[in-house]
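# Understanding the architecture of this molecule
The lines below spell out each chain.
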Amino acid sequence: MTAEPNPASKVQFRVAEVSSTDPDHPASELEAYREDGTGWWSAKSCSFPQEIVIQLLPYTAKCIVINQIQILAHEANIPQKIEIVLASCGGNTDKQPTTFQECANVRRLGYVSLDSNESSNHQARELKSIKVGEEEAAFVKLILHRCHSNQRNGHNQVSIIGVTILGKIVCHDHQEFDEDDSRRKDEISICDKSNTTEIRADRNREHPTQVVQQPADSNNGSNAQLEPNIQCRLNILERAKQKKAELEVRYE
């Protein structure tokens, strides 16, 4: 029987650019993700869309392949949708890009829609898990559109509490990169995109944040709208995995 593949690991990153920032909630908060944290907030009464550019680390790696992006939204400062754009050198050069603008290969994956959160009276945080197959990336750009209006968001801000990127680092010979930093081997479970996870906003830091997972409406899924070519590749990959699993069962 074929051995199970190693699960994806967290890919470290730094925030390279943001459109605006609330001084009390800088973008650097995203680099030290906590479920009970306050994350990054846009400036008050900002223009839209707002953009966050994330540089994947180590930037000296020849290739970083990502499998999934997880985005934890704020309970009140909620964008109506978030577009996801990936950028890489495109494999045509040994020189790694140091800015998003230097990347030769830029592609839009699609977007996810976020709930207004009225049903929880803005006491829950929505976690979006977006499977992207296997995509090479040096940068990830999140484009946040206009916020959902509510009484708790008087300055029409948008906010992201946390971002987790799952994937692997690949060397020049396309073998997985084994880094000494043990944090890069921190394995976490992958949530299927057919599930919606809500993380309750914790007002009291002395008590742990509750995590409540609920099955999403089968008609809505995760509200992820992927570009047709990306969705096609995901469908082909999923069919190949199913066929391989059938063969493994047949010859056990």
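In the block above lies the structure referred to throughout.
In short, a report on the structure. (Residues numbered from 1 in each chain as written. Predicted model: local features only at pLDDT ≥ 70, side-chain atom pairs only at ≥ 80, totals over all residues. Heavy atoms only, no water.)

## A few points about the overall build of the protein chain
In terms of regular secondary structure, the protein chain is built from 1 helix and 13 strands. Here the protein chain, with 252 residues, has 44% of them falling under the buried criterion. For the protein chain, the proportion of contacts with a sequence separation of at least 24, taken over those separated by at least 6, is 77%. (Helix = DSSP H or I, 4+ residues; strand = E, 2+ residues; numbered from the N terminus. Buried < 20%, exposed > 50% of the residue type's maximum accessible area, 1.4 Å probe, protein only. Contact = heavy atoms within 4.5 Å.)

## Topic: the packing of aromatic side chains
In total, this model carries 1 aromatic pair according to the counting rule given. Centre to centre, the rings of Phe-100 and Phe-139 are 6.3 Å apart; their planes meet at 80°, and the pair counts as edge-to-face. With Phe-100 in the loop between β6 (81-88) and β7 (105-113) and Phe-139 in strand β9 (residues 139-144), this pair connects stretches of sequence that are 39 residues apart. Judged on exposure class, the residue Phe-100 and its partner Phe-139 are both buried. Sitting above the plane of the Tyr-111 ring, Lys-81 keeps its charged end 4.5 Å from the centroid. (Phe/Tyr/Trp six-rings, centres within 6.5 Å; stacked < 30°, edge-to-face > 60°. Lys NZ or Arg CZ within 6 Å of the ring centre and 35° of its normal.)

## Digging into the nonpolar core
In terms of nonpolar packing, the biggest core is built from 33 residues, with Leu-56, Ile-66, Val-140 and Leu-142 touching the most fellow members. Among the secondary structure elements, those contributing two or more residues to this core are β2 (13-18), β4 (50-56), β5 (63-73), β6, β7, β8 (124-136), β9 and β10 (159-170). The element that contributes the greatest number of residues to this core is β5, accounting for 5 residues. Excluding residues within four positions of it along the chain, Leu-56 makes contact with Val-11, Gln-12, Phe-13, Ile-64, Ile-66, Ala-137, Ala-138, Val-140 and Ile-165. Listed in part, the 8 residues of the second largest apolar core include Val-53, Val-85, Phe-100 and Ile-143. (Core = buried A, V, L, I, M, F, W, Y, C linked by side-chain atoms within 4.5 Å.)

## Digging into unusual backbone geometry
At the junction of Phe-48 and Pro-49, the peptide bond is cis and its omega measures out at 0° in the coordinates. Mapped onto the fold, Pro-49 is located in the loop between β3 (40-41) and β4. Although it is not a glycine, Asn-121 sits at a positive phi angle of roughly 55°. By the secondary structure assignment, Asn-121 is in the loop between β7 and β8. At His-122, a position not held by glycine, the phi torsion is positive, near 60°.

## A look at the pattern of salt bridges
A complete count under the given rule lists 7 salt bridges for this structure. A salt bridge links Arg-125 to Glu-75, with the shortest nitrogen-to-oxygen separation between them at 2.7 Å. One end of the pair, Arg-125, is in strand β8; the other, Glu-75, is in the loop between β5 and β6, and 50 residues separate them in sequence. Across this residue pair, the class does not change: Arg-125 and Glu-75 are buried. The closest approach of N and O atoms between Arg-107 and Glu-135, which form a salt bridge, is 3.1 Å. Taken as a pair, Arg-107 in strand β7 and Glu-135 in strand β8 lie far apart in primary sequence, 28 residues in all. Considered together, Arg-107 and Glu-135 belong to a single accessibility category, that of buried residues. Through salt bridges that share partners, Glu-75, Arg-125 and Arg-152 make up one connected network. (Salt bridge = Lys/Arg side-chain N within 4 Å of Asp/Glu carboxyl O.)

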